[in-house]
Amino acid sequence: MSVLTGGHSATDLARERKFGSLYSRNARAVVGRGLMAAKSSTWLVLVSGFFEPVLFLLAMGVGMGSIVGTVQGPGGLEISYAAYIAPALLAVSAMNGAIYDSTWNVFFKMNFARLYQGMLYTSLGPLDVAIGEIFLALLRGLLYATGFTAVMGVMGLLTSWWAILVIPASVLIAFGFASFGMGITSFMKTFQQMDWINFFLLPMFLFSATFYPLSVYPQPIQWFIQAMPLWHGVELLRQISVGSFGPATAIHVGYYVVMIALGIMLTTGRLRQLFLK
Amino acid sequence: MNRPTVISARSLTKAYGDLTAVDNISFDVPAGESFGLLGPNGAGKSTTMKMIGGVSQRTSGSLSIMGLDPETHGPEVRAHLGVVPQQDNLDEELRVRENLIVYGRYFGLPLRYLRPKADELLEFAQLTDKANSKVDALSGGMKRRLTIARSLINEPRILLLDEPTTGLDPQARHILWDRLFRLKESGVTLILTTHYMDEAEQLCDRLIVVDKGRIMAEGSPASLIREHSSREVLELRFGSERNATIGVELEGIGERLETLPDRVLIYAHDGESALEQVTARGLRPMTSLVRRSSLEDVFLRLTGRSLVD
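Residues numbered from 1 in each chain as written. Chains lettered and ligands numbered in written order. Predicted model: local features only at pLDDT ≥ 70, side-chain atom pairs only at ≥ 80, totals over all residues.

In this section: the overall build of chain A. When helices and strands are tallied, chain A shows 11 helices and 2 strands. Scored against the burial criterion, the 277 residues of chain A give a buried share of 44%. The long-range share in chain A, meaning contacts at least 24 apart out of those at least 6 apart in sequence, stands at 81%. (Helix = DSSP H or I, 4+ residues; strand = E, 2+ residues; numbered from the N terminus. Buried ≥ 20, exposed ≤ 12 C-beta atoms within 10 Å, placed from the backbone. Contact = placed C-beta atoms within 7 Å.)

And the structure:
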């Protein structure tokens, strides 16, 4: 039973009830379920998500880097090509980890395992499910980011103690993609539609100033890329990795804060529409 | 006995666009009753169940589950409900016992309560030796029993069962019925939908017959049969060619005649004597069978259609 104290106006009550049917403050049960399922599931998926950016770093950073030499990093610093692309690959890895958990994983649970249907027949509300699943996606993002940052350290690509902040910043990036990814996935009904997500992610990975600076593009394309989320993640981590901050840093962080807020609103609204219709 | 009403529906209606899945139905269920919704596929049974569970919003009418509206108090209402959906939705990534514990966590229940409770429910569902099996490895009947065990983890006062035995073999159905009967004896209110008349007769104290979203009749299985059918039924098969035309020749035998594509049903107080009259007229059915009237006959009478089609 809800404890509704006196002094609440009628609108307060109505709002509380509306919210009450969405959220029961028990997202940890969803997280607990995810951890228990992960314990028995294959670790291969987790491992492959970690190795992908490492392989890119070796091939592009070390391999191609040997003919590129040094490039100009944030704040005009000369850094090795590997050190230039490593933070970008970390942003990509945060994005991929979050997207994997919040799209394919959620798609399967929603449409085939009917997991959410079962959850929503308990005391859980859609917001508990959304928060729980997003938290799990972030946990995966945190693991990837920590592993990749360690690789960067071992390869001598970290030049500043500020660089340790790339780990929480990666989680912020993962949060943005996870909150949106789950909402978008709720619109998908078939595997073909799920492919559209890759269709969107691959060009974003290749062209978001990941491997070369944005300045190579004509101005309109630059604007377009600057509107995309990954570019902000790449720039944010690149700045942190060398400890060079500016007003742009705040804009990049702000971009993700807004993305997270909009994503959670979208996801919760969609879950409500889908399961409490 | 003056038992409190746990479910009260008034003019409950659910429309999906032009289709009215549930059309202005009203019913009350007292605590401890076993209440059935009998009807063919698409009658609106599952939709009614979803509205009771608060996972489907009604279009109009009112609904009260233990004094609460499931639409505004979803989580609180569901805290007192156990739900067995039509299709099993067990968590295949977890093992059998884990399924029970994790589900209990969704209700916010503590592990010190859930651990012994899970073992007790495994015992009840006769799955103790499968506690650490994967869900995949269970048979259809075992999965169903696990789903029912799972629905009991929060000690619900009301258990919603949507087609609990559909797709199970006869032996598995009887085991399940036995378990459900025990629950009923322990005082749990059962709400069950089914399109099997034998299931309804076995388990329901009272039921509503629904068709196209409307209530066609309400009462105990025995009273419904008494009201809407004769004591016995004579089933005759003359072959698919003759069934349709034989009606005229059978006129006057029994109280009522029903011609189906594959057989002719004669409703009579005494089936054997009706059969004698048929043979006295020189008619030779390929097969004949005298049986007691069932809810199937009630449904046929009320809607002109059979339950399972």
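Below, the discussion takes up the overall build of chain B. Within chain B, the regular secondary structure consists of 11 helices and 13 strands. With the C-alpha coordinates of chain B rotated into their principal frame, the extents come out at 75 × 45 × 40 Å. Each of the 309 residues in chain B was classed as buried or not, and the buried ones make up 47%. Sequence-distant contacts, at least 24 apart, represent 68% of the contacts inside chain B between residues at least 6 apart.

Facing 29 residues of chain A, the contacting portion of chain B comprises 26 residues. Put simply, the parts of the chain that give the side of chain A that touches chain B at least two residues each are helix 1 (10-20), helix 2 (27-40) and helix 5 (115-120) of chain A. Top element by residues in the side of chain A that touches chain B is helix 2 of chain A. It accounts for 6 residues. Its residues assigned to classes, the side of chain A that touches chain B shows 12 nonpolar, 13 polar and 4 charged. (Nonpolar A, V, L, I, M, F, W, Y, C, P; charged D, E, K, R; others polar.)

Attention shifts here to helix 4 (residues 81-111) of chain A. Residue and element names in this part refer to chain A. End to end, helix 4 covers 43 Å across 31 residues, agreeing with the expected 45 Å (1.5 Å per residue, within 8%). Along helix 4, the sharpest change in direction is near 30° and occurs at Y100. Within helix 4, 28 of the 31 residues are buried, which leaves it mostly tucked inside the rest of the structure. (Expected span 1.5 Å × (residues − 1). Bend = angle between axes of the 7 residues up to and from the residue.)

This paragraph deals with the packing of helix 6 (residues 126-154) of chain A against helix 7 (residues 166-185) of chain A. Residue and element names in this part refer to chain A. Look at helix 6 against helix 7: their axes get within 8 Å of each other, and the N-to-C directions meet at 145°. Between helix 6 and helix 7 lies a crossing of right-handed hand. Residues A130, E133, I134, A137, L138, G141, L142, A145, T146 and T149 of helix 6 pack against V166, I167, S170, V171, A174, F175, A178, S179 and M182 of helix 7. Residue composition of the contact of helix 6 with helix 7, grouped by class: 13 nonpolar, 5 polar and 1 charged. (Axes fitted to C-alpha atoms, helices over the stretch in contact; angles between N-to-C directions. Left-handed = near helix turned anticlockwise from the far one by under 90°.)

Residue and element names in this part refer to chain A. The interhelical angle for the contact between helix 7 and helix 10 (residues 229-242), taken along N-to-C directions, is 175°, at an axis separation of 10 Å. Here helix 7 is positioned roughly antiparallel relative to helix 10, judged by the angle of their axes. Between helix 7, through V166, A169, S170, I173, G176 and F177, and helix 10, the contact on the second element is made entirely by P229, G233, L236, L237, I240 and S241. Per-class residue counts for the contact of helix 7 with helix 10 are 8 nonpolar, 4 polar and no charged. (Parallel < 35°, antiparallel > 145°, perpendicular 65-115°, else oblique.)

Let's shift gears to the domain arrangement of chain B. What the domain assignment reports for chain B is domain 1 (5-220) and domain 2 (230-292). Each of domain 1 of chain B and domain 2 of chain B was reduced to a C-alpha centroid, and the two centroids are 39 Å apart. (Domains from an automatic or database assignment.)

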